[in-house]
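Each chain, written out:
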Amino acid sequence: MENHPIVQHIPRLRRYARALIGDRYSADDLVQDTLERAWNKLHLWRPGSDMRAWLFAIMHNVFVNHARSRRYDVESHMETLPTLPTRATQGDYLELLDVERALRALPVEQREVLLLIAVEEMTYDEVSKALDVPIGTVMSRLSRGRERLRQVASGTSNQTLKVVK
């Protein structure tokens, strides 16, 4: 299994799950459930297609299904931010916390798209396939998410920053 093509995508799946959920243990559970489903459904993967997008689509579906059933207690973890490594200065650390809080304040749909495009460097088409939404929806969610982050970062948001559940 260690040379299987799925293995090379595990670090990206873990990073995305951690950013999506916020809690390391729940994120590891999400990755484990994703890998289990991918392994069981490997016969459905079309050789020549993008395995990364396929795995992220599986993760998205597992996340949505479990969030509905509360298997991943997303809401409770969104209130508490994970401990981050301290950067060289306190100001940098506080800024990083602000960005993380702003990300957590976004609706899940916008956060997913923003993370997949900005962090995972997926194309609009890959995100569209992974989330099973039209490209136009990906672009509008990305635009709204970026605008909300800009407002929060510049302090021009007229809404109180609160975590979306």
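Cut-off values and rules
Residues take numbers from 1 onward in each chain, read along the sequence in its written order. In keeping with the model being predicted, local features are shown solely for residues with a pLDDT of at least 70 and side-chain atom pairs are shown and tallied solely at 80 or more, while totals for entire chains, interfaces and linings include all residues. In computing side-chain values, all of the structure's heavy atoms are included and hydrogens and water are not. Numbering goes from the N terminus for both helices and strands, where a helix is a DSSP run of H or I of at least four residues and a strand is a run of E of at least two. Contact criterion: two residues are considered in contact whenever any of their non-hydrogen atoms come within 4.5 Å of each other. Whenever a helix is involved, its axis is fitted only over the stretch in contact; in every case the axis is a line through C-alpha atoms, and angles between N-to-C directions fall within 0 to 180 degrees. For classification purposes, an angle smaller than 35 degrees is called roughly parallel, one larger than 145 roughly antiparallel, one from 65 to 115 roughly perpendicular, and anything else oblique. If you view the pair so one helix is near and one far, a crossing is left-handed when the near helix is turned anticlockwise from the far one by less than a right angle, and right-handed when it is turned clockwise. Polar here means any residue other than Ala, Val, Leu, Ile, Met, Phe, Trp, Tyr, Cys and Pro, which are nonpolar, and Asp, Glu, Lys and Arg, which are charged; Gly is therefore polar. Salt bridges, as used here, are contacts in which a Lys or Arg side-chain nitrogen is within 4 Å of a carboxyl oxygen on Asp or Glu. Relative accessible area decides the class of each residue, using a 1.4 Å probe on protein chains only: under 20% of the type maximum gives buried, over 50% gives exposed, and in between gives partly exposed.

Okay, the environment of histidine 60 next. Take histidine 60: it is sitting in helix α3 (residues 51-69). Through-space distance from the C-alpha of histidine 60 to that of glutamate 112 is 8.7 Å; in sequence the pair is 52 residues apart. Those residues in contact with histidine 60 that lie beyond four places of it in its chain are Glu112, Ala130 and Leu131.

This part is about the packing of helix α1 (residues 10-21) against helix α2 (residues 24-40). The contact between α1 and α2 brings their axes to 8 Å, and the two run at 135°. Considering the angle they form, α1 stands oblique to α2. Crossing handedness for the pair α1 and α2: right-handed. Packed against α1, whose contacting residues are Ile10, Leu13, Arg14, Ala17, Arg18 and Ile21, the element α2 presents Arg24, Ser26, Ala27, Asp28, Leu30, Val31 and Leu35 at the interface. Here the contact of α1 with α2 is built from residues that sort into 8 nonpolar, 1 polar and 4 charged.

If you walk through the whole model with that rule in mind, you get 6 salt bridges. Between aspartate 28 and arginine 14 there is a salt bridge; the shortest N-O distance is 3.0 Å. Pair noted here: aspartate 28 is in helix α2 and arginine 14 is in helix α1, with a separation of 14 residues, a long-range link. Judged by its relative accessible area of 42%, arginine 14 falls in the partly exposed class. Two residues, arginine 52 and glutamate 126, come together in a salt bridge whose shortest N-O distance is 2.8 Å.

Moving on: the packing of α1 against helix α6 (residues 108-119). One can describe the packing of α1 onto α6 by two numbers: an axis separation of 10 Å at closest approach and a directional angle of 150°. Relative to α6, α1 is oriented so that their crossing is right-handed. For the pair α1 and α6, the contacting residues are Arg15, Tyr16, Ala19 and Leu20 in the first and Val108, Arg111, Glu112, Leu115, Leu116 and Val119 in the second. Its residues assigned to classes, the contact of α1 with α6 comprises 7 nonpolar, no polar and 3 charged.

Moving on, we come to the environment of alanine 27. Residue placement: alanine 27 occurs in helix α2. Residue class for alanine 27 comes out buried when judged on its relative accessible area of 3%. Each C-alpha atom of the pair alanine 27 and leucine 13 lies 9.1 Å from the other, and the pair is 14 residues apart in sequence. What alanine 27 contacts, discounting residues up to four positions off in sequence, is Ala17, Arg18 and Ile21.

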